[in-house]
Amino acid sequence: VNIETWFLVIYFVAMAGIGVATLKMGNRDSEGFLLGGRSLGPAVTALRLQSSSMSGYMFLGAGSLAYTKGYFSLWYAMGDIGGGVLNLSILGRRMRKLSQILGSLTSIEYLEHRYPSRWIRAIAAPIAVACIFFYVMTQFIAGGRGLEMVTGIPYAWALLIAVGVIVFYTFLGGYLAVAYTDFVQAIIMLIGMLWILIGTMQAIGGWTAGNEAVGQINPNLLTMWGPDGFESVQWGVIIGAVLVFSIGYLGWPHVNVSHMAMKRPSVARTASMYATGFNLLFIPAPYIVGVMALILLPTLDNPELAVFQVADTVLPDFAVGIVMAGIMAAIMSTADALLLQSGTIASQDLFRRFIKTGHVGQAVGVDLPVHRPHPRDHRLLGRRQRPALGRRGRDLRHHRPRRRLRARLCGRGLVEEGERARRDRLDDPRHRVLGGLAAGRPRRQHGHRPDGRRNRVLDTGDHHRVPGHAEVSPGARPRARRASGDREDRCHSRSYARRTERRPGRAAAEGRVRRMSADLGAEPEDELSVVEPVRMDPHITAAEALAVFRRKLPGAVAEARQVHHPFWWAVLRVRTRRLLKRSSQRPGQSMNVLVNAVSGRAMIADFAPVGTAVTGQQWSALLDEHGDRSRLPSRSEADRAARALARAEVVRTVKLGMGIDISPENGHGLRGVLKPNWLVSGANAKHSATILVDGLDSSHFIVRVERLSPSSSHP
Amino acid sequence: MFGLPAATVAIIFGIPAIWVIYTLVFVYLSRGWKAEDVAEDRARPPGGGDESGGTTASANGGTA
């Protein structure tokens, strides 16, 4: 056994050891396995990003290109040097923030959530799996060939060992193992490559002497225009060479997953410095070594072995072992990232999303998260989730959709999953710590109006938009609302306005109430009390609420009771700062945020609450119905929730270097709003139920359903 | 310089220099990110509130 083999054995054992060391963290939960628990710092993030994007090409292809094309090959390095910082500066922070807000665990899942359409994932995931499959196969083959070359063992065994080690630590520790091994591999690659470069320079008597010797072979090899000179320069190839490794990084899912795994969004800043520093040192080296191989190895049969043969020529035996480990590191760092991504995309983005919707991860001992339905899926989900009873009184939650293909694309069992996801979020301490933002994948709730039309409320996890009100002011709409679901909200607002026009009595009724004024007086000192809260009148009549009930329970005898629920109301002014500005000069946009005074959940309202001013005692009485007041969110907590929601909403559109200022409108704090609902209870011959109908938009929630025994009678 | 044509020297040192400048400008412009991270962490409500129910479910007056 030669010394190179020993180095490789130590290297393989170290990689496997990292896999074992990250076993606990990697298997803690799905986020731990797929994103390393979003715990990675700047150095690991940057070097992992770089090493996974640089495959065995850097040791084999780059040297070969330089050996045949001379300095022309450095065009590839010119783009590659900036690829890391470009990726981190454009995508890094934004992808880290939004992926957590949207609850995305894979790059393609992030795309689907960011630009809501299930077709994004339906199209991107198969393409990515297919491409990555071939990519990872080539890396495996390269690993086998590299090991065979170094150790001399048969190719089949070399391939088995190389693939076995990669698979072992990848599936043991998940992303964390991949990240830490990539980090170590990046350092090995850097040491190995710099060692070869220094040895080469010593062997040829310095860079200048080497260039002069190359110039004697062909002066054009020293130019950036190729071995045939400027007259035959291929500008398209040059532009492509620069772009492929600079902006090309931005589209690689196995690279971009680094952003989502950062400890904090600001990690991207420091990581960019590490990335550029690493690239400056590492990337030009194999190209220069490849050019100098023309002098050291003028009769090389296989140019792809230029770097390896140069290392074998200029370095002592023990150093060659490190270089060999570097070559294996370059191959393995890409292969493991690709392997993890291909497995993740196949399981998460395809199988789990479109075929099976259970706990897929349990098959490999990982507790992958329950799939949270996509906003568009709620078209299906909404139909199956809320109306638990069909025409014949059977449970529609297990109803099979008519179109099998659609069911596959939208994911079966969304109802069960949606309910399970909600329970999981309730049980998951992370979501409590993060105030629900982490769980805040946008979802849209649909309701059936009594007139048969559908009605939508966009719910972004811990907040909701309450659509449609006669007071909707387009000018008051924050820009952030142009994100997903905005069109539906607008449509709904228009449809509601039309509905309002058909009711001549409503305008008069609204004229009788007075709008909440900005000068209500001093805020009370009590954290839970308010002065003159606004009690909103329902836009849905009792008859409409009963109609909703009877659509679910045909022939039911029911009664509707109006109830109110307390909400904190914050009117926030949101301003964004441009580059190089420390404060915003723009007027900004107003945002009405309602915070549930019981649950603490915030939602963005597309209207300013209007109603009758009532006494603070009514507000307090409603709070008292919920028992211990100490468990209710205080005024300051509600204020923080409202600001957090406003920030989360605006951050979707944040551009590079842009800042966000959020302040209370006109300097006023929170106010109280009593939001109306209808509580409808009743029964028909077979079922008894209680449904809560939203007093503003007629969306409804089934509180209770019971199947009556044949002997039971109507209440 | 280094036995290379001037154009080659200009390109292989000039473009990396542009990337270095880009990195420095990015680091300068993003100097407030860490503070914003801290501010956002503080802005998150403690406990995060209850996730139960939707708009109507949360507005049910405790009956659901």
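Residues numbered from 1 in each chain as written. Chains lettered and ligands numbered in written order. Predicted model: local features only at pLDDT ≥ 70, side-chain atom pairs only at ≥ 80, totals over all residues. Heavy atoms only, no water.

Counting its secondary structure elements, chain A contains 25 helices and 13 strands. A total of 715 residues make up chain A; the buried ones form 60% of that total. In chain A, 75% of the contacts between residues at least 6 apart in sequence involve partners at least 24 apart. Here chain A has roughly 27,600 Å² of accessible surface; of this, 58% comes from carbon and sulfur atoms. (Helix = DSSP H or I, 4+ residues; strand = E, 2+ residues; numbered from the N terminus. Buried < 20%, exposed > 50% of the residue type's maximum accessible area, 1.4 Å probe, protein only. Contact = heavy atoms within 4.5 Å. Areas by Shrake-Rupley, 256 points an atom, 1.4 Å probe, with all protein chains shown as cover.)

Moving on, we get to the environment of M189 of chain A. All names here are of chain A. Along the chain, M189 turns up in helix 9 (residues 155-204). C-alpha of M189 to C-alpha of F59: the two residues are 130 residues apart in sequence and 9.2 Å apart in space. In this view, M189 contacts S51, M54, F59, F282, G326, A329, A330 and S333; residues no more than four positions away in its chain are not counted.

With that out of the way, let us pick up the packing of aromatic side chains. Residues and elements named next belong to chain A. Across all of its chains, the model carries 17 aromatic pairs over all chains by this definition. Relative to F230, the ring of W225 lies with its centre 5.3 Å away and its plane at 85°, an arrangement referred to as edge-to-face. Geometrically, the ring pair formed by W568 and W619 is edge-to-face, given 5.0 Å between the ring centres and 70° between the ring planes. In this pair, W568 sits in strand 6 (residues 557-577) while W619 sits in helix 24 (residues 616-624), placing the two residues 51 residues apart along the sequence. Judged by its relative accessible area of 0%, W619 falls in the buried class. Taken together, the ring pairs in this structure connect W75, W225, F230 and W235 into an aromatic cluster. The ring of W569 has R671 lying over it, and the distance from NZ or CZ to the ring centre is 5.3 Å. (Phe/Tyr/Trp six-rings, centres within 6.5 Å; stacked < 30°, edge-to-face > 60°. Lys NZ or Arg CZ within 6 Å of the ring centre and 35° of its normal.)

This paragraph deals with helix 4 (residues 42-53) of chain A. Residues and elements named next belong to chain A. Helix length check: helix 4, at 12 residues, gives a terminal C-alpha distance of 16 Å against a target of 16 Å (1.5 Å per residue), a fit within 8%. Of all 12 residues in helix 4, 10 are buried; the element is thus mostly enclosed. Buried-residue contacts for helix 4 involve helix 6 (74-102), helix 9, helix 12 (253-260), helix 13 (267-282) and helix 16 (317-355). (Expected span 1.5 Å × (residues − 1).)

It is worth spelling out the side chain of D694 of chain A at this point. All names here are of chain A. You can see D694 is positioned in strand 12 (residues 687-694). According to the relative accessible area criterion, D694 is buried, its value standing at 0%. At 3.4 Å, the side chain of D694 and the backbone nitrogen of D697 are in polar contact. (Polar contact = N/O pair within 3.5 Å; in protein donor to acceptor, adjacent residues only side chain to side chain.)

Turning to unusual backbone geometry, a few remarks are in order. A positive phi angle is found at E532 of chain A, which is not glycine, with a value near 45°. Mapped onto the secondary structure, E532 of chain A falls in the loop between strand 4 (514-515) and strand 5 (534-535). A positive phi angle, near 60°, is found at F2 of chain B, a position not held by glycine. By the element assignment, F2 of chain B lies in the segment before helix 1 (6-29). With a relative accessible area of 31%, F2 of chain B lands in the partly exposed category.

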